[in-house]
Structures are given as structure tokens and as C-alpha cells.
Amino acid sequence: MTLIAQITDLHLRPKGLACYRVSDTNMMAERAVRSLLSLTQQADAIVVTGDLTDRSDPREYAVARELLSRFEVPVFLLPGNHDSSEGMRREMAGYPGIGENRDGKIFYSAMIEGIQLIALDSHLSGHPQGYLGNEQLSWLEAALRKCDAPTIIALHHPPALTGIEHMDNMGLNDAAALEEVLSPHTHVQRILCGHVHRPIVTSFAGKIMTLAPSTGHQVALDLRENSPAMFNFEPAAYFLHSHSEKTGIVTHMAYVENFPGPYHFFADQGVTWPGDEN
Ligand SMILES: [Fe+2]
Ligand SMILES: [Fe+2]
């Protein structure tokens, strides 16, 4: 069984600073890393789907390097709107695919135990919205033709709407072009995104698309029109995408915090329940 862990939207800050004054994102990311390292089955790879940092500050990338160096398995990165492609290339050099410079963007493919991971760069400088661009989309088209292994596409901005309006307003500008590229390729089995800071499942281009919750603060669930942009501290979590011949790709959500249990389902020894006497 192959296990790909996805963490997202760490929004790291310089040491000692909180995000938006109240969200201690560094501490929460540290807890997520500890949680991943204590899993009974260790991940074969980690994918970080953007917003590693809150302001693309070199001091924030330094915190990211320190944190991610704790993993002994490959770590795949891609930028979010809060990062920058240039900052990431400069500060996170050495991570797979980061050094490749095409159109100023970071995009690459990698094989993880028979699964093809394609990381896309939807960062659009100076804007919260996402944009892939023609060069990246042409490369994607060629990459999908070249390899027909089960494929996971990872990008920060979800290309489909979620119903959380203030986040949908910061969506992927060239989603229609991406849909055209992805639609014919049946070996694309998942699209993994971040950005919305909530666990969400929908579809795009006929594929299952999942949005992972943040390791830090979450976006409030508010599906009304003109909903205000608010965040809260619902339980932080991450996704584990598992794959085997038998199951195909299955996505599990795992919480960072520990909860009571586990307990056996067996009835207590020697206890007779009313109605069991006969
Ligand atoms: Fe984010
Ligand atoms: Fe984002």
C-alpha cells in the first residue's frame, strides 16, 4: 500500500509571530508534523499544496525548511497565493522539481510507488486568484500523454467552485482551459487542492477533486451569498491518500489532535445485558 500525506495552508510566520495576530500557525504546523511522524503507517511521501508561508518572507521559509526537514521521505512542494514562485525557488531550493524554471513557475511530475504526481503552480503574482498559463498547460498535456500511470494532480487553487463565495472569488482564472486538458485523460484519478482551509469533496473535469483542511486555522463554513471572510479553530487535519491494487485511491482525513480511544467493540466479559438472559 502506498500512502501519500497531504498537508496544506501552513501559513507559517517568522518565529514568535502569530498569523492575523491570533493564529499560532507555526505551533499548529509543528503539531501536524508530529502527528504525521507518529502514524502507525508512515507516509511514503508528503505533498504540501501551497500557502506554506503567510507572506513569502525568507524568515517564514526558514521555519518551513526546519519543519519539513523532519520528514525522511520525499516532500513535494508547490506555491499558493500567499507564497511566491520566486521566493520558493530561492528559499526552498533542493526540494524535488523546485529548481526547474519554466515561465517563472514551478511545475513538475514525480513517481511515488507507481503513482504519478503532477504538481502545478497556480500562483499569480500580486493577486489572490490563481493562474496556470499556456506554457504550463501545454507541458501538462504532454506529461499526461507521456505517462498513463494512475495520476494525481496537485495545485493550490481549486478549479471548481465550493459555494463559499469569498473563497470562490479567489479561484483559478483559467479553470476552463485546465478542464479541457484534463477531461480526456481517464488515468487522472484525483485533483488535490488547498486554499479553502476546509475539507471539501467535489468534482472537476469528471474527476474527484478534494480540498484539504489547513494545518492551522479553518475558514468558517458559511454558504450564504456575500458571506464575510472569517476563520475559526475547528479541528486541524490533513489528508492521507492511500493506494493499493485492491482499493484504488482512497482519501482519509486524519485529525492532528489525539482523541479518547481506541476502544475494543467487544462487550464486557461477564456482563449480562437485559434481554440477553434467554
Ligand atoms: Fe491558505
Ligand atoms: Fe491560498
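Residues numbered from 1 in each chain as written. Chains lettered and ligands numbered in written order. Predicted model: local features only at pLDDT ≥ 70, side-chain atom pairs only at ≥ 80, totals over all residues. Heavy atoms only, no water.

### Quick word on the coordination of the iron ion (ligand 1)
Under the convention used in this document: Each metal's donors are the N, O and S atoms found within 2.8 Å of it, except that Na, K and Ca use a 3.2 Å limit; water is left out, so coordination can look incomplete. For four-coordinate sites, all angles between 85 and 135 degrees define a tetrahedron; for four- and six-coordinate sites, opposite donors beyond 155 degrees with the remaining angles between 65 and 115 define square planar and octahedral shapes respectively, and all other cases count as irregular. Helix and strand definitions follow DSSP, with helices as H or I runs of at least four residues and strands as E runs of at least two, each counted in order from the N terminus. Exposed residues in this analysis have more than 50% of their type's maximum accessible area, buried residues have under 20%, and partly exposed residues fall in between, with area computed by a 1.4 Å probe over protein chains only.
Binding of the iron ion (ligand 1) to the protein goes through D9 (OD), H11 (NE2), D51 (OD) and H197 (NE2), at separations of 2.0 to 2.3 Å. If you look at the iron ion (ligand 1), its 4 donor atoms make angles of 86 to 175° with each other, and the shape they trace is irregular. Considered as a linear motif, the donors of the iron ion (ligand 1) on their single chain read D-x1-H-x39-D-x145-H. A separation of 3.4 Å is found between the iron ion (ligand 1) and the iron ion (ligand 2), which are bridged by D51. In this pair, H11 sits in the loop between strand 1 (2–7) and helix 1 (25–37) while D51 sits in the loop between strand 2 (45–49) and helix 2 (58–68), placing the two residues 40 residues apart along the sequence. Both residues of the pair, H11 and D51, belong to the buried class.

### Observations regarding helix 2
Put simply, the test is: In this description, the arc belongs to the directions extending from the helix axis to the C-beta atoms. By the convention used here, residues are in contact when the closest approach between their heavy atoms is within 4.5 Å. Nitrogen and oxygen atoms within 3.5 Å of one another constitute a polar contact, given that in protein one can donate a hydrogen and the other can accept it, and given that sequence-neighbouring residues count only through two side-chain atoms.
Here helix 2 has its buried residues at E60, Y61, V63, A64, L67 and L68. In a view along the axis of helix 2, the buried residues occupy a sector of 155°, so they form one face of it. Contacts made by the buried residues of helix 2 are with strand 1, helix 1, strand 2, strand 3 (75–78) and helix 3 (85–91). Backbone nitrogen of R59 and a side-chain oxygen of the N-cap are separated by 2.7 Å at the start of helix 2; the cap is D57.

### Observations concerning unusual backbone geometry
With an omega of 5°, the peptide bond between G261 and P262 qualifies as cis. Looking at the element boundaries, P262 is found in the segment after strand 13 (248–255). Positioned with a positive phi, D9 is a non-glycine residue whose angle comes to about 50°. Among the structural elements, D9 can be located in the loop between strand 1 and helix 1.

### A few points about the sheet that holds strand 9 (residues 207–211)
Worth spelling out the cut-off: Two strands pair under a simple rule: DSSP has to find at least two bridges between them. Orientation is described by axes fitted as lines to C-alpha atoms, over the contacting stretch for helices, and by angles from 0 to 180 degrees between their N-to-C directions.
Strands sit in the order 4-5-6-7-9-8 across an open sheet of 6 strands; the sheet is mixed. Each edge of the open sheet is held by one strand with a lone partner, namely strand 4 (108–112) and strand 8 (200–204). Here the average twist between neighbouring strands, direction ignored, is 25°. Here strand 4 pairs with strand 5 (residues 115–119) via 5 bridges, running antiparallel. For S109, the partnering residue across the bridge sits in strand 5 and is I118. Across the sheet, helix 4 (residues 134–146) is in contact with strand 4, strand 5, strand 6 (151–154) and strand 7 (188–193); its angle to strand 5 comes to roughly 175°. With respect to the sheet, helix 6 (residues 175–182) is in contact with strand 6, strand 7, strand 8 and strand 9, its orientation differing from that of strand 8 by roughly 70°.

On their own, these measurements won't tell you what the molecule is for.
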